[in-house]
Amino acid sequence: MTEELLEEKHLKGDTSLVSRVRLVFLGPPGAGKGTQVKTLSKILNVPSMSTGDVLRSEVASGSELGRLAKNYMDRGELVPDDVVIKIVEKWLREGNAKRGFILDGFPRNLRQARELDEILKREGVELTAAVYLDVPEDEIVRRLSGRLSCKRCGAVYHIQFNPPKEDLKCDACGGELYQREDDREEVVRQRFRVYVESTRPVLDYYRDARKLLVINGLGTIAEVNKRIIEELREMTRGRVG
Ligand code: AP5
C-alpha cells in the first residue's frame, strides 16, 4: 500500500510536507486510524506509536502491565490514564517529540489531551494537528467485523477491503494474522459507547485550539490517505519546517 501511494504523483518527490509534523489521530474504533497512521509514518518519515499496539504487546508478553491492561481492554474500557500517559510520555521524551511523531489512539479523553500539551510544552514543541477520521457507525461495524491483525508486527488487513496476498499470513513480515479479542460484537458496542462519552469531547478541545482537521474517512484506504495529505499540506503550508 505505501509503495503504491508513494508511486502516485501527489506524493512523489513532494517536499512541501516536511518531516517534523506532530500529529494525533482521533476517531471511533475501526475508523482506520491504525491503517492510515502506519502508512503516513512511512510517507512522512516520522515515528508513530499506537497505545493499543503497545498495550496488546504487553498483554501478549504476560507482563504485570499487560495483566492489568487486559482487564480493561477485554471489556472495551479505557486503561487507567496514569498507565497510558506514562507510556506516551516516555516514548515522546526518548527523542520522538523533537523528531516529529504520529500518535494513534492517544489522547482518548480530556485529561490525556491536556497532559499531552503539558508534555510537549516541557519538550519545547507544539502539536501540529489533531486528525479526526469521521466514519459512521454502520461502516465501522463492517470494517471491524472483517479486520485481521498481524500477531508479529501489528499490520492491519481486512478480509474484503484490504486482503493479505496469502490467507492469514502478513504480507510485510509473514506473521500469523488473527482477529482481535475486542472485536467481538458486544465489546465493539462498549468501545463505541466509551468513544462517544470520553473521546468525542476531545474534538472540541482541539477545535477550540484551531488544530482539528476533520477528514471524511469513507472511501478506499488510498482515497482517505490522499485527503489527509492534502489537508495537512494546506494546514501546514509555511508553518512547519
Ligand atoms: P485501540 O487499539 O486504539 O483501538 P481503537 O481506537 O478502538 O481503534 P482500532 O484499532 O479498533 O481501529 P482503527 O481506527 O485503528 O482502525 P483500523 O485501521 O484497524 O485500543 C484498544 C484498547 O486499548 C481500548 O479499548 C483501550 O482499552 C486501550 N487503549 C488504547 N489506547 C488507550 C488510551 N489512550 N487510553 C486508555 N486506554 C487505551 O481499521 C479497521 C478495519 O478497517 C481494518 O480491517 C482495516 O483494514 C479496515 N479499513 C481501514 N480503512 C478502511 C477504508 N478506508 N475502507 C475500508 N476498510 C478500511
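Residues numbered from 1 in each chain as written. Predicted model: local features only at pLDDT ≥ 70, side-chain atom pairs only at ≥ 80, totals over all residues. Heavy atoms only, no water.

Q: Just to check I follow, could you spell out the side chain of lysine 211 for this structure?
A: Looking at where lysine 211 falls in the secondary structure, it is placed in the loop between helix H8 (185-208) and strand S8 (212-216). Looking at lysine 211, the relative accessible area reads 13%, which means it is buried. Beyond its immediate stretch of four places on either side in the chain, lysine 211 contacts Glu126, Leu127, Thr128, Ala129, Ala130, Tyr206 and Met235. (Helix = DSSP H or I, 4+ residues; strand = E, 2+ residues; numbered from the N terminus. Buried < 20%, exposed > 50% of the residue type's maximum accessible area, 1.4 Å probe, protein only. Contact = heavy atoms within 4.5 Å.)

Q: Is there a simple way to explain the sheet that holds strand S7 (residues 177-178) in this structure?
A: Within a sheet, neighbouring strands are paired by backbone hydrogen bonds and run either parallel or antiparallel to one another. Judged by pairing direction, the sheet is antiparallel, and its three strands sit side by side in the order S6-S5-S7 without closing on themselves. Where the open sheet ends on each side, the last strands, each with one partner, are strand S6 (156-158) and S7. (Pairing = 2+ DSSP bridges.)

Q: Looking at this model, I keep getting lost on the nonpolar core. Mind explaining?
A: Generally speaking, nonpolar side chains in soluble globular proteins are found buried as a group. Core analysis: the largest hydrophobic core is formed by 55 residues, its most contacted members being Phe25, Leu44, Leu92, Leu103, Leu116, Tyr206 and Ile228. Top contributing element to this core by residue count: helix H5 (residues 81-99), with seven residues. Discounting chain neighbours no more than four positions away, the residues touching isoleucine 228 are Phe25, Gln36, Leu40, Val131, Leu133 and Ile215. (Core = buried A, V, L, I, M, F, W, Y, C linked by side-chain atoms within 4.5 Å.)

Q: Could you clarify how one ought to interpret the packing of helix H3 (residues 51-61) against helix H4 (residues 64-73) in this entry?
A: Helices that pack against each other are described as a pair by the angle of their axes relative to one another and the distance between those axes. Across the interface, H3 lies against H4 with an axial gap of 7 Å and an inter-helix angle of 115°. Seen along the crossing, H3 lies across H4 with a hand that is left-handed. Of H4, the residues touching H3 (which contributes Gly52, Leu55, Arg56, Glu58 and Val59) are Leu65, Gly66, Ala69, Lys70 and Met73. Each residue belonging to the contact of H3 with H4 can be placed in one class, and the counts come to five nonpolar, two polar and three charged. (Axes fitted to C-alpha atoms, helices over the stretch in contact; angles between N-to-C directions. Left-handed = near helix turned anticlockwise from the far one by under 90°. Nonpolar A, V, L, I, M, F, W, Y, C, P; charged D, E, K, R; others polar.)

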